[in-house]
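# Close look at the chain arrangement
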Amino acid sequence: MIRSLRTQLVLALCAVVSVVGIVQGISSYQLSKAGMNALLDLRLEQVASRLRGPLGDALPSIPARGSQPARDIVITIWRDDLETPYRSTEPSLPLPREAAPGFSSTMVNGEQWRIYTLREAPKVIQVAQRSSVRHELSEEAAVNTLWPILVLVPLVCAAVLLVVRFSFRQLNRLGSEVQAVDAAHLQALPTAGVPIELRPFIDSINRMIERLARSIETERKFISDAAHELRTPLTALQLQADNLQRDIVAGNQERFQELRRGIARSGSMIAQLLRLARADASLQREAVTQVDVSEVVVAAVAEVLPIAMKRDIDIGAEEMASAKVRAIEADLGIAVRNLVSNAIRYTPDGGKVDLRTEVRGNMVWIEVIDTGPGIAEELLPRVFDRFFRANTEIEGSGLGLSIVKAIVAKYGGSASLRNRDDGKTGIVASIGFRLSD
Ligand SMILES: Nc1ncnc2c1ncn2[C@@H]1O[C@H](COP(=O)(O)OP(=O)(O)OP(=O)(O)O)[C@@H](O)[C@H]1O
Ligand SMILES: [Mg+2]
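All figures in this text were calculated on a predicted structure; none of them were measured in a lab.

About the cut-offs
Residues numbered from 1 in each chain as written. Chains lettered and ligands numbered in written order. Predicted model: local features only at pLDDT ≥ 70, side-chain atom pairs only at ≥ 80, totals over all residues. Heavy atoms only, no water. Helix = DSSP H or I, 4+ residues; strand = E, 2+ residues; numbered from the N terminus. Rg over C-alpha atoms; globule rule 2.2 N^0.38 Å. Buried < 20%, exposed > 50% of the residue type's maximum accessible area, 1.4 Å probe, protein only. Contact = heavy atoms within 4.5 Å. Areas by Shrake-Rupley, 256 points an atom, 1.4 Å probe, with all protein chains shown as cover. Lys, Arg positive; Asp, Glu negative; His and termini not counted. Charge placed at Lys NZ, Arg CZ, Asp CG, Glu CD. Polar contact = N/O pair within 3.5 Å; in protein donor to acceptor, adjacent residues only side chain to side chain. Expected span 1.5 Å × (residues − 1). Bend = angle between axes of the 7 residues up to and from the residue. Core = buried A, V, L, I, M, F, W, Y, C linked by side-chain atoms within 4.5 Å. Domains from an automatic or database assignment. Near = heavy atom within 4 Å. Nonpolar A, V, L, I, M, F, W, Y, C, P; charged D, E, K, R; others polar. UniProt positions renumbered as here; feature names shortened; annotations may be inferred. pLDDT = per-residue confidence, 0-100. Salt bridge = Lys/Arg side-chain N within 4 Å of Asp/Glu carboxyl O. Pairing = 2+ DSSP bridges. Axes fitted to C-alpha atoms, helices over the stretch in contact; angles between N-to-C directions.

## What about the overall build of the protein chain?
Helices and strands together make up the secondary structure of the protein chain, namely 8 helices and 12 strands. Radius of gyration (C-alpha) of the protein chain: 48 Å, far over the 22 Å computed for a compact globule of 437 residues. Taken over the C-alpha atoms alone, the protein chain extends approximately 160 × 50 × 40 Å along its principal axes. Sorting the 437 residues of the protein chain into buried and exposed places 36% on the buried side. For the protein chain, long-range pairs separated by at least 24 residues make up 65% of all intrachain contacts whose partners lie at least 6 apart in sequence. For the protein chain, the computed accessible surface area is about 25,800 Å², with 58% contributed by carbon and sulfur atoms. Positive and negative charge centroids in the protein chain, built from 52 and 51 side chains respectively, lie 4 Å apart.

## Considerations on the side chain of arginine 130
Mapped onto the elements, arginine 130 comes out in strand 5 (residues 123–130). Among the polar contacts made by the side chain of arginine 130, one reaches the side chain of glutamate 111 at a distance of 2.9 Å. Residues in contact with arginine 130, not counting those within four places in the same chain, are Ala70, Glu111, Gln112 and Trp113.

## So, helix 4 (residues 199–244)
In this model helix 4 runs 67 Å from its N-terminal to its C-terminal C-alpha over 46 residues, within 8% of the 68 Å that 1.5 Å per residue would give. Along helix 4, the helix axis deviates most sharply at arginine 231, where the bend reaches about 25 degrees; the proline proline 233 sits within four residues downstream. Taken as a whole, helix 4 has its buried residues at Ile202, Asn206, Ile209, Arg220, Ser224, Ala227, Leu234 and Ala241. Buried residues along helix 4 sit against helix 3 (131–180) and helix 5 (253–280).

## As for the nonpolar core
In this structure, Ile315, Val340, Leu355, Leu417 and Ile431 are the most contacted members of the largest nonpolar core, which totals 57 residues. Counting residues per element, this core draws most heavily on helix 7 (residues 329–346), which supplies 8 residues. Here this core spans two domains, and each of domain 1 (200–280) and domain 2 (285–434) adds at least three residues to it. If we skip the residues at most four places from it in the chain, leucine 355 touches Val297, Val301, Ile315, Gly316, Ala317, Glu318, Glu319, Val336, Val340, Glu367 and Val368. Membership of the second largest hydrophobic core comes to 12 residues, among which are Ala48, Ile75, Ile77 and Leu118.

## Some points on the site of ligand 1
Inspection of the region around ligand 1 gives 19 residues, with Tyr346, Asp370, Ser397, Gly400 and Leu401 positioned closest. One nitrogen or oxygen atom from the main chain of asparagine 391 is found 2.9 Å from an oxygen atom belonging to ligand 1. In this structure, an oxygen atom belonging to ligand 1 sits 2.6 Å away from a side-chain N or O atom of serine 397. Within the complex, 96% of the 590 Å² of free accessible area of ligand 1 lies under protein. Counting residues per element, the ones that place at least two in the shell around ligand 1 are helix 7 and helix 8 (400–410). Take the shell around ligand 1: its biggest share by element is 3 residues, from helix 7. Its residues placed into classes, the shell around ligand 1 shows 8 nonpolar, 8 polar and 3 charged.

## A few points about the UniProt feature "transmembrane region" (unreviewed entry) in the protein chain
Here the UniProt-annotated "transmembrane region" (unreviewed entry) positions come out as residues 146–164. Here residues 146–164 runs as 100% helix and 0% strand, with 27 Å between its end C-alpha atoms.

## Notes on the confidence of the model for the protein chain
Mean pLDDT for the protein chain: 91, with 98% of residues reaching 70 or above. Mean pLDDT values over the elements of the protein chain span from 84, in helix 2 (residues 54–57), up to 97, in strand 12 (residues 427–434).

## So, the pattern of salt bridges
The full count for this structure, using the stated rule, is 26 salt bridges. Between aspartate 354 and lysine 352 there is a salt bridge, and its shortest N-O distance comes to 3.1 Å. Judged by its relative accessible area of 18%, aspartate 354 falls in the buried class. Using a relative accessible area of 31% as the deciding quantity, one classes lysine 352 as partly exposed. Here arginine 420 and aspartate 422 are joined by a salt bridge, their closest N and O atoms 2.8 Å apart. Residue arginine 420 is classed as buried on the basis of its relative accessible area of 16%. Given the relative accessible area of 47%, aspartate 422 is considered partly exposed. Connected through salt bridges with shared partners, the residues Arg356, Glu358, Arg360 and Glu367 form a single ionic network.

## Side note on the sheet that holds strand 1 (residues 74–79)
Taken together, 5 strands build an open sheet; the order of strands is 2-1-5-4-3 and the sheet is antiparallel. Only two strands of the sheet have a single partner each, and these edge strands are strand 2 (87–88) and strand 3 (102–108). Note that strand 3 and strand 4 (residues 111–120) share 7 bridges and pair antiparallel. By the bridge assignment, threonine 106 is partnered in strand 4 with tryptophan 113. This element, helix 1 (residues 5–50), spans strand 1, strand 3, strand 4 and strand 5 of the sheet and lies at about 150 degrees to strand 5. Docked against the sheet, helix 3 engages strand 4 and strand 5, running at close to 55 degrees with respect to strand 5.

Following this line, the structure appears as structure tokens:
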């Protein structure tokens, strides 16, 4: 079964055009053949009637035998008082003198002849033509009528293809718009200019998008509220633990520190959850400004510099293209900081982290390259998943890259993580944003 409506339509219309073409071809072939035969008959009849008078007597009485071209008509005139033909353009052809008046078809000398016999005492005028010649002539004329159809059918099919393709362009456009709908771009599909047959589909897709947007927003709000609500008791817990520290006996200090680290981990998890909920929120256009990408990168480097120095990691921003994007500065800052914090966190002491910004086409790319262990290739496709952690030995909440992905998606950009391919181990993390016009 053909699944494409377009192909189905093109094939059906081309089949109809071909059937019409074939029927038209057969009928014009037959009609032309019949018409040609009638015309040839008319010619025989006219010649016979012209030969009734003195024109018949003017024919040479003894033409050379077999001198006549095969396609010519043969004329024989008999006279009642003569046994042999009075006049004949081909004496070697014994036309049947007794033939009934009018048209007849007879075998003469092993060939089929079409003969017109005109009886007008004392003369019998016979005009004959080879059936094979007549057949050839009528065939030629009939075949000629087929050419226009043979040329037109493919042309009409090509026109059908173009028209259908043109009509389906709108459907394709709608298809790509539907494809572009994802959690980050839940916008209703445009209904202006949509053919009325498609309106019910578009309306129901739009209703579905609206419901989806509402439920995603409810979920996002729940995460945001929950993280917010958890933050207060956790801060209180942290304060209590700080106050308790000096009352903890020396033997319990290690377990107590473990408890404090646990509280700190929960705190950073909640902070990341809040960032994720904010990154997932739809873009507030009024807060968008022109953001200088290199400034954001420099600020992110400055922020991690103390930790990098403590761990003897050489961090630097080398190739810096100046570029501006339209965004909320805080969003860009969070995205770059998450990549830089990963590079610092997963690179062993004494390593190197490079940042660079590069303009390619209408995009600016921010790359963070480290000398850490990299990530197993089979785990790479999952690193942007929420709570996914490829390395459980080093602490983290597994949300940093999900936040990066959400921010990038909000601006229609893209994010990727790959292992270095220059012979060293490490990760090349890159995010790209569209340049502002
Ligand atoms: N530069 C890197 N080098 C090696 N592994 C990395 C790097 N960046 C990310 N990863 C791996 O990808 C996983 C997901 O990273 P992500 O930033 O989302 O979470 P996280 O760093 O564990 O936690 P969070 O950033 O929320 O504190 C990490 O747990 C780590 O295993
Ligand atoms: Mg991280």
